[in-house]
Amino acid sequence: MTPKTAVIIGASHAAAQLSASLRQEGWDGDILVVGDEAYLPYQHPPLSKTFLSGDKTVADLYIRPAAFYEKNNIRFRQARVTAINRAQQSLTLDDGTSLAYDKLALCLGARVRKAGLPGEQLAGVHYLRTIADVQGIQPDVVAGKRAVIIGGGYIGLETAASLRKQGMEVVVLEMADRILQRVTAPALSAFYSRIHREEGVSIHTGVSVKALVGDTRVERVVCADGSEFPADLVIIGVGVVPNVELAQAAGLDVDNGITVDEFACTNDPAIVAAGDCANHFNAIYQRRMRLESVPNAGDQAKAAAASMCGVKKAYQSLPWFWSDQYDLKLQIAGLSQGYDRVVFRGDQANSRSFAAFYFQGARLIAADCINRPQEFMLSKKIILDNIVIEPGRLVDESVAVKDLLG
Ligand SMILES: Cc1cc2nc3c(=O)[nH]c(=O)nc-3n(C[C@H](O)[C@H](O)[C@H](O)COP(=O)(O)OP(=O)(O)OC[C@H]3O[C@@H](n4cnc5c(N)ncnc54)[C@H](O)[C@@H]3O)c2cc1C
């Protein structure tokens, strides 16, 4: 029998796991990863944290060393795939060549959402998604100079913390009436506002940026209400959009991501998708969703690799996330959307360590745990095992975390 060829498009978190899992599942044909960046798969979370702050180098970011891929006979090719021809099971690359596949994995990820502001082309204005983006930002990071961050989501706030650490004067501009509005409860927004202010970051909410102004370099940020912020560096962090166009043009089902089932299969039996680009049905929350996180990319990639090998392994992990800012390690278990009550264990108003538990009726659906790893582990268990626990018991700090379920 002719050995089969698996091609993975995209060379990041999902692809790194998927290629390794293919070998673990017994795929003995070729594995070729086609990615358009100049690097082996690397970790993205440090980009806005330790890599931006200069505490990590490119070499520290690699998910696996080159030797791992060589040993497992996983090949890489740097190119951009411009078309999928499903009838012929082949791909067109931007260098004009084509490639045949027997099984195809789409690990296309997401790209930054462009704000479309006048002046975005000025020197000193950046987005942050890749190593190349951070390398473009780094020369503009100068102690004492002024940075304006547009967008008060996790990446914007992590970036603020990293720049502050490097001695920049930092302003965060957020359009909503509180930072982190899309992802967390008001008390958490208030907590992070307090911390950033304590660290010397100036946060402005309810501010709509109108334009970036300067001669060749950005000099100031102008807002719709007429306010202006001087800027030597501007970083725009207003979310991402999934890379679905390739799949859409090939006739695959797309709806806020490439539509897949719990086995990461698309509507073409030869094609799977995983990671930021995929929209899956989540059995725990009983709805479709597209997640943007490293754990999601890894766990979904495992299901996708199994499917490519003809094995059914459902992706049914609990969504979880993290964010590092200053000395704060936030770990988020589950998804809080739709909560009707939030209770706190610890003092969110004055301390730097507490857990927020989100309930929907009697059910715990999510927890934000700041410097509280034990509460994070406990929350994952409660949510996954559907354990009913009184909110009053969770907040009672006289009961040790290990005894809460006792
Ligand atoms: C600054 C930053 C901080 C983050 N922090 C955290 C964190 O703390 N915790 C967390 O869980 N997650 C974090 N994330 C999110 C996390 O990095 C993503 O969820 C993860 O990278 C998704 O992996 P992926 O493989 O699905 O896609 P991506 O990492 O987006 O990779 C997709 C790759 O495919 C390539 N590609 C796309 N189209 C083509 C094509 N046609 N041909 C060839 N190549 C193509 C892209 O260029 C890219 O290299 C962070 C992300 C960023 C940017």
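Computed from a predicted model, the values in this text were never measured in an experiment.

A. Looking closely at helix 6 (residues 186-198). The end-to-end C-alpha distance of helix 6, which contains 13 residues, comes to 18 Å, matching closely the 18 Å that a straight helix rising 1.5 Å per residue would cover. Within helix 6, burial applies to Leu188, Ser189, Phe191, Tyr192, Ser193 and His196. Looking at the buried residues of helix 6, the elements they touch are helix 5 (154-165), strand 12 (202-204), strand 25 (354-360) and strand 26 (363-370). Where helix 6 ends, the next residue or the one after it, glycine 200, has phi of about 95°, a positive value.

B. Structural view of the site of the ligand. Around the ligand lies a shell of 36 residues, among which Gly10, Ser12, His44, Gly109 and Gly275 are the nearest. Those elements that provide at least two residues to the shell around the ligand are helix 1 (13-24), strand 2 (30-35), helix 8 (294-308) and strand 22 (320-325). When grouped by side-chain class, the residues that make up the shell around the ligand number 19 nonpolar, 11 polar and 6 charged. Summarising the domain contributions, the shell around the ligand has at least three residues from each of domain 1 (5-111 + 241-308) and domain 2 (114-236).

C. Representation of the packing of helix 1 against helix 8 in the model. The interhelical angle for the contact between helix 1 and helix 8, taken along N-to-C directions, is 35°, at an axis separation of 8 Å. Relative to helix 8, the crossing made by helix 1 is right-handed. Contacts from His13, Ala14, Gln17, Leu18, Ser21 and Leu22 of helix 1 reach helix 8 at Val294, Ala297, Gly298, Gln300, Ala301, Lys302, Ala304, Ala305 and Met308. Tallied by class, residues from the contact of helix 1 with helix 8 come to 9 nonpolar, 5 polar and 1 charged.

D. Here's a closer look at the nonpolar core. Ranked by internal contacts, the top residues of the largest apolar core, which has 118 residues, are Leu18, Ala105, Leu106, Val234 and Ala274. Broken down by element, this core gets its largest block of residues, 8 residues, from helix 8. Beyond its immediate sequence surroundings of up to four residues, valine 234 is in contact with Gly124, Val125, His126, Val148, Ile150, Leu212, Val218 and Val221.

E. Summary view of the pairing of strand 10 (residues 146-150). Counting buried positions along strand 10 gives 4 out of 5 residues, so the element sits mostly inside the fold. Taken together, strand 10, helix 5 and strand 11 (residues 169-173) constitute a β-α-β crossover, and its handedness is right-handed. With 4 bridges joining them, strand 10 and strand 16 (residues 233-236) adopt parallel strand pairing. Residue pairing across strands places valine 148 opposite valine 234, the latter belonging to strand 16.

F. Spotlight on the sheet that holds strand 21 (residues 287-289). A sheet is described by the order of its strands in space; here 3 strands give the open sequence 18-20-21, paired in mixed fashion. Edge positions in the sheet fall to strand 18 (258-259) and strand 21, since each of these pairs with one other strand and no more. Where strand 18 meets strand 20 (residues 278-282), 2 bridges bridge the pair, whose relative direction is parallel. Looking at strand 20, one finds that threonine 259 is bridged to asparagine 279.

G. Examining helix 1 more closely. Here helix 1 spans 17 Å end to end across 12 residues, near enough to the 16 Å set by a 1.5 Å rise per residue. Among the 12 residues that make up helix 1, 10 are buried, leaving the element largely enclosed by the rest of the structure. Residues of helix 1 that are buried include every one of His13, Ala14, Ala15, Ala16, Gln17, Leu18, Ser19, Ala20, Ser21 and Leu22, and no others.

H. Structural detail: the domain arrangement of the chain. Here the chain is partitioned into domain 1 (5-111 + 241-308), domain 2 (114-236) and domain 3 (327-403). Here domain 2 and domain 3 have C-alpha centroids that lie 30 Å from each other. Residue-level contacts link 6 residues of domain 2 with 6 residues of domain 3. Split into classes, the residues belonging to the side of domain 2 that touches domain 3 amount to 5 nonpolar, 1 polar and no charged.

The rules behind these values
Residues numbered from 1 in each chain as written. Predicted model: local features only at pLDDT ≥ 70, side-chain atom pairs only at ≥ 80, totals over all residues. Helix = DSSP H or I, 4+ residues; strand = E, 2+ residues; numbered from the N terminus. Expected span 1.5 Å × (residues − 1). Buried ≥ 20, exposed ≤ 12 C-beta atoms within 10 Å, placed from the backbone. Contact = placed C-beta atoms within 7 Å. Near = placed C-beta within 6 Å. Nonpolar A, V, L, I, M, F, W, Y, C, P; charged D, E, K, R; others polar. Domains from an automatic or database assignment. Axes fitted to C-alpha atoms, helices over the stretch in contact; angles between N-to-C directions. Left-handed = near helix turned anticlockwise from the far one by under 90°. Core = buried A, V, L, I, M, F, W, Y, C linked by C-beta atoms within 7 Å. Right-handed = clockwise from strand over helix to strand, strands pointing away. Pairing = 2+ DSSP bridges.

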